[in-house]
Amino acid sequence: QQQVKQSPQSLIVQKGGIPIINCAYENTAFDYFPWYQQFPGKGPALLIAIRPDVSEKKEGRFTISFNKSAKQFSLHIMDSQPGDSATYFCAASISGQAGTALIFGKGTTLSVSS
Amino acid sequence: DAGVIQSPRHEVTEMGQEVTLRCKPISGHNSLFWYRQTMMRGLELLIYFNNNVPIDDSGMPEDRFSAKMPNASFSTLKIQPSEPRDSAVYFCASSRPPHDYGYTFGSGTRLTVV
């Protein structure tokens, strides 16, 4: 119930490509779905987040697509750059007073070649 | 703002020894989280605190692990006795309501138990 399943484990794209990372969840009580980006030797940092009342959110080159009925959400990176090479984590939580901490997927290592 | 400060950055210890990891959250953040990161299991939530009170410690692996938050500006994660399988990167993160602003992670402590 608490798992967030992320795929693929790793991804290699050429500069300008559009990598897509997918996540699926089981717990229908989750109502907050962020993506975090992590560079080597650093802690994860919030990239973009979405709530289930919208199906898509875009911030710069990063877009989250959300499918509530399928209990899936994905991250798209438009016009990917070598500087986007990092590990990406999806996560989910229940917000509010009875909320939970973020549960993370296992991560996707993205490599963007120039 | 110095961010979330963790110490030490690296720790190498012998099996059976006590290990104490430290974390200073961002001032004004009332939630604090301890996560463990390994290649096999990704980012696992160990415990989190709200207003210095432990809310969920179900992720703490065994009685060998303990965490405290004596005040709003300091938390410790202790492992006693340590074992080789405890080797991982341990992250501390903090946040403030509404948690949509995301968690701010420290740079982590890389623990190696030999």
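Right above here is the structure, for reference.
How each quantity is defined
Residues numbered from 1 in each chain as written. Chains lettered and ligands numbered in written order. Predicted model: local features only at pLDDT ≥ 70, side-chain atom pairs only at ≥ 80, totals over all residues. Heavy atoms only, no water. Helix = DSSP H or I, 4+ residues; strand = E, 2+ residues; numbered from the N terminus. Rg over C-alpha atoms; globule rule 2.2 N^0.38 Å. Contact = heavy atoms within 4.5 Å. Core = buried A, V, L, I, M, F, W, Y, C linked by side-chain atoms within 4.5 Å. Buried < 20%, exposed > 50% of the residue type's maximum accessible area, 1.4 Å probe, protein only. Buried area = accessible area lost by both parts, 1.4 Å probe. Salt bridge = Lys/Arg side-chain N within 4 Å of Asp/Glu carboxyl O. Polar contact = N/O pair within 3.5 Å; in protein donor to acceptor, adjacent residues only side chain to side chain. Nonpolar A, V, L, I, M, F, W, Y, C, P; charged D, E, K, R; others polar. Disulfide = S-S within 2.5 Å. Pairing = 2+ DSSP bridges.

Draft legend 1. Representation of the overall build of chain A. When its secondary structure is counted, chain A shows 0 helices and 11 strands. Beginning at the N terminus, the succession of helices and strands in chain A can be written as β-β-β-β-β-β-β-β-β-β-β. A compact globule built from 114 residues would reach a C-alpha radius of gyration of about 13 Å, and chain A, at 14 Å, matches this within 12%. Over its C-alpha atoms, taken along the principal directions, chain A stretches across nearly 45 × 30 × 20 Å. Counted over contacts in chain A with a minimum sequence separation of 6, partners at least 24 positions apart contribute 53%.

Draft legend 2. Local environment of the nonpolar core. The biggest cluster of nonpolar side chains holds 24 residues, and the ones touching the most others in it are A:Phe33, A:Trp35, A:Ile64, A:Phe73, A:Leu75, A:Tyr88 and A:Leu110. Of all the secondary structure elements, the ones that give two or more residues to this core are β2 (10–14), β3 (20–25), β4 (33–38), β5 (45–50), β7 (62–67), β8 (72–77), β9 (86–92) and β11 (108–113) of chain A. The dominant element in this core, judged by the number of residues it contributes, is β9(A), at 4 residues. Membership of the second largest hydrophobic core comes to 21 residues, among which are B:Ile47, B:Ala67, B:Cys92 and B:Val113.

Draft legend 3. Focus on the interface of chain B and chain A. Taken residue by residue, the interface counts 19 residues in chain B and 16 residues in chain A. Between chain B and chain A lies a buried interface of about 1400 Å² when both sides are counted; carbon and sulfur atoms form 53% of it. The interface formed by chain B and chain A contains 0 salt bridges. Remark: the boundary between chain B and chain A carries 6 residue pairs in polar contact (both at pLDDT 80 or more). For the side of chain B that touches chain A, the secondary-structure elements that each account for two or more residues are β4 (31–38) and β5 (42–50) of chain B. At 4 residues, the largest contribution of residues to the side of chain B that touches chain A is made by β5(B). Residue composition of the side of chain B that touches chain A, by class: 10 nonpolar, 6 polar and 3 charged.

Draft legend 4. Main features of the state of the cysteines. All names here are of chain A. The tally for this structure, following the rule as stated, stands at 2 disulfides over all chains. At a sulfur-sulfur separation of 1.8 Å, the disulfide partner of Cys 23 is Cys 90. Around the S-S axis, the bridge from Cys 23 to Cys 90 shows a dihedral of about -90 degrees and counts as left-handed. Residue Cys 23 is found in strand β3, and its partner Cys 90 is found in strand β9; the two are separated by 67 residues along the sequence.

Draft legend 5. Representation of the pairing of β3(A) within the structure. Residue and element names in this part refer to chain A. Burial of β3 is one-sided: the residues Ile 21, Cys 23 and Tyr 25 facing one way are buried, the residues Ile 20, Asn 22 and Ala 24 facing the other way are not. As defined by bridge partners, strand β1 (residues 4–7) adjoins β3 across 4 bridges and the pair is classed as antiparallel. Note on β3: the bridge partner recorded for Val 4 is Tyr 25. Judged from the 5 bridges that link them, β3 and β8 form a sheet pairing that is antiparallel. Paired with Asn 22 across the two strands is Ser 74, which belongs to β8.

No statement about biological role is implied by the geometric values presented.
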